[in-house]
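This is what each chain is made of:
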Amino acid sequence: MERKYSNLCSSITLGRTTFRNRIFSAPMGGTDITNDGCIGPKSTAFYELRAKGGAGAVTVSECMVHPKTDGSHAYHLDESILNSLSCATYTADAIRRHGAIPSLELSHSGMYAGTYMTDKSRQKSMNQWGPSETVREDGVQVRALSKEMIDEIAASYGHVAALAKRAGFEMLLIHGGHGWLINQFLSGYFNKRTDEYGGSLENRCRFAIQVLMAVREAVGPFFPIEFRMSGSELFEGGYDLDEGCRIAKQIEPYIDLLHVSAGTYQKGFGDTHPSMFKAHGCNVYLAAEIKKHVKIPVATIGGLNDPVQMEEIIASGKADVIYMARALLADPFLPRKIVENREDEIVKCLRCFTCMAERAATATRRCTVNPLIGRECEGNEVFQASRRKKVLVAGGGPGGLYAAYTAARRGHQVILCEKEEELGGILKSEQALPFKHEMYELAGTYALLARRAGVEIRLNTEVTR
Ligand SMILES: Cc1cc2nc3c(=O)[nH]c(=O)nc-3n(C[C@H](O)[C@H](O)[C@H](O)COP(=O)(O)O)c2cc1C
């Protein structure tokens, strides 16, 4: 089969690892992370679904490397928690068996430790450590890391990297962006040190390089190491793209893939996670500019979901790899649909932030357009019903269309009646608003899926008693 999106679908080799395509799944936290830091079966199933959907790599997030000085929304992989190591192995296996490369994100929150902690009781008792002494926006006192602590934390990245490799992960993503500890060192805004870790750009990059050298030492020369950075911090006083390019050049010799994101959680959440009010791929320019300054492959991310746009990004050399987070919640099978030229079946992310809001509110995951998200443990297969029935669905709004689609996949004979002359229900009202176009499009996608599954659709047909 000739592939429409041949660049996106082409393989890429990093270190000695070959990835089946250039569509990678970005880190997206966990849900059932226990207070002692273990990843649970729901999070494993969540990440496994991304692999089933065809992504080239699936990044599991966000493993804190130094529990003594950190604690966040994430889980801690540590040799004292052997249970966690076995859980991590199950997670890596679950990704690998579907042909995706399992990657693990290593991080330290630094001065923002505890912000999203699962264990709220610990949150109050912990200390916050950053490059420099300061008082956080929320009044929390931050203490400056000593040289000994810096050495210890850098060494812990290496220690955990070795454990992650032992657990079966085949790539590591070192989180150097979004305002967390490595970013705090890179940034003149957070880093006011006067020793060899502060001041000049070279000094501000020293901690990142120390970390990367410890990781390399632990995993060996051919194991792919990826570094996530914010191409620009995008806030007043933070580093800009020009400095981002210079940071990238410093980091380049130590890594195999440079992952260029944007902004910080704390000062520019909407830059890091572009909302529906921003253009798709609004951060691609950062990766494209940085790519001109380095020789290693570069990845881009941010509000991407359109195969035509993503293909162009790779074809024109703006980036070598496309990462997506939310788009793969809305449709985990997006990569497979691209590979199989079924892009018209992609259910697009609305960028509505239900995924993030639900995690904070109920410690689970939900997606407005994908009822499976947060229920991955129940399986994503739609099984044939034991008895074929005739099913009548009244109403061609999003709920009716999706119900009809599911019933048809179960093998039923489905008739959907819509009293109006057009499908879509409430979503039709979104047509006029450009930033809500994807909401409007959703009904068309569900209708196409329903029709292809065999649903008979009758318009201008009211269902009476
Ligand atoms: C629900 C959710 C959880 C996330 N958790 C993490 C995380 O643990 N670590 C991380 O580096 N980024 C995390 N991110 C950020 C994403 O990796 C990504 O950078 C961001 O969502 C922008 O990509 P997108 O527009 O494709 O969603 C998360 C994003 C979402 C939506």
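Residues numbered from 1 in each chain as written. Predicted model: local features only at pLDDT ≥ 70, side-chain atom pairs only at ≥ 80, totals over all residues. Heavy atoms only, no water.

It is not clear to me how the domain arrangement of the protein should be interpreted in this structure. Could you clarify?
When the parts of a complex come together, some accessible area is lost, and that lost area is often used as the size of the interface. In terms of domain boundaries, the protein breaks down into domain 1 (6–377) and domain 2 (382–458). With 13 residues of domain 1 at the contact, the number on the domain 2 side is 12 residues. Both faces considered, domain 1 and domain 2 share a buried interface measuring about 1,100 Å² in area, 61% of it formed by carbon and sulfur atoms. Linking domain 1 with domain 2 are 3 salt bridges. Its salt-bridge partner being Glu345, residue Arg452 comes within 2.8 Å of it at the nearest N-O pair. Across the side of domain 1 that touches domain 2, the residue classes break down as 8 nonpolar, 2 polar and 3 charged. (Domains from an automatic or database assignment. Contact = heavy atoms within 4.5 Å. Buried area = accessible area lost by both parts, 1.4 Å probe. Salt bridge = Lys/Arg side-chain N within 4 Å of Asp/Glu carboxyl O. Nonpolar A, V, L, I, M, F, W, Y, C, P; charged D, E, K, R; others polar.)

Which parts of the structure should I look at to understand the site of the ligand?
In the neighbourhood of the ligand, 23 residues make up the surrounding shell, with Pro27, Glu105, Arg228, Gly303 and Arg326 lying closest. Within the contact set of the ligand, an oxygen atom lies 2.9 Å away from a side-chain nitrogen or oxygen of Ser61. Out of a free accessible area of 600 Å², the ligand has 99% covered by protein chains. Mapped by element, the contributors of at least two residues to the shell around the ligand are strand 4 (57–64) and helix 14 (354–362). (Near = heavy atom within 4 Å. Polar contact = N/O pair within 3.5 Å; in protein donor to acceptor, adjacent residues only side chain to side chain. Areas by Shrake-Rupley, 256 points an atom, 1.4 Å probe, with all protein chains shown as cover. Helix = DSSP H or I, 4+ residues; strand = E, 2+ residues; numbered from the N terminus.)

Looking at this model, I keep getting lost on the nonpolar core. Mind explaining?
Inside soluble globular proteins, nonpolar side chains tend to come together where they are buried. One finds Leu106, Tyr157, Leu172, Ile174, Phe207, Phe227 and Leu258 to be the most contacted residues of the largest nonpolar core, which totals 114 residues. Split by domain, the residues of this core number at least three in each of domain 1 (6–377) and domain 2 (382–458). Setting aside chain neighbours within four positions, we find Leu258 in contact with Phe227, Met229, Ala248, Ile290, Ile296, Pro297, Val298 and Ala299. Ranked by size, the runner-up nonpolar core spans 18 residues in total, among them Tyr5, Ile338, Val339 and Ile346. (Core = buried A, V, L, I, M, F, W, Y, C linked by side-chain atoms within 4.5 Å. Buried < 20%, exposed > 50% of the residue type's maximum accessible area, 1.4 Å probe, protein only.)

What's the story with helix 10 (residues 284–291) in this structure? I'm lost.
Residue pairs spaced three or four apart in an α-helix point in one direction, given the helix's 3.6 residues per turn. What helix 10 keeps buried is the set Val284, Leu286, Ala287, Ala288 and Ile290. If you follow the buried residues of helix 10, they end up packed against strand 10 (225–230), helix 8 (241–251), strand 11 (257–261), strand 12 (298–300) and helix 11 (307–315).

Would you mind showing me how to read the packing of helix 7 (residues 201–219) against helix 8 here?
Each packed pair of helices is defined by two parameters, the angle between the axes and the distance between the axes. Packing of helix 7 against helix 8 brings their axes to within 10 Å, and their N-to-C directions diverge by 45°. As judged from the angle between their axes, helix 7 and helix 8 are oblique. As helix 7 packs across helix 8, the resulting crossing turns out to be right-handed. Together, Leu201, Glu202, Arg204, Cys205, Ala208, Ile209 and Leu212 of helix 7 and Glu243, Arg246, Ile247, Gln250 and Ile251 of helix 8 make up the contact between the two elements. Taken together, the residues that form the contact of helix 7 with helix 8 break down as 7 nonpolar, 1 polar and 4 charged. (Axes fitted to C-alpha atoms, helices over the stretch in contact; angles between N-to-C directions. Parallel < 35°, antiparallel > 145°, perpendicular 65-115°, else oblique. Left-handed = near helix turned anticlockwise from the far one by under 90°.)

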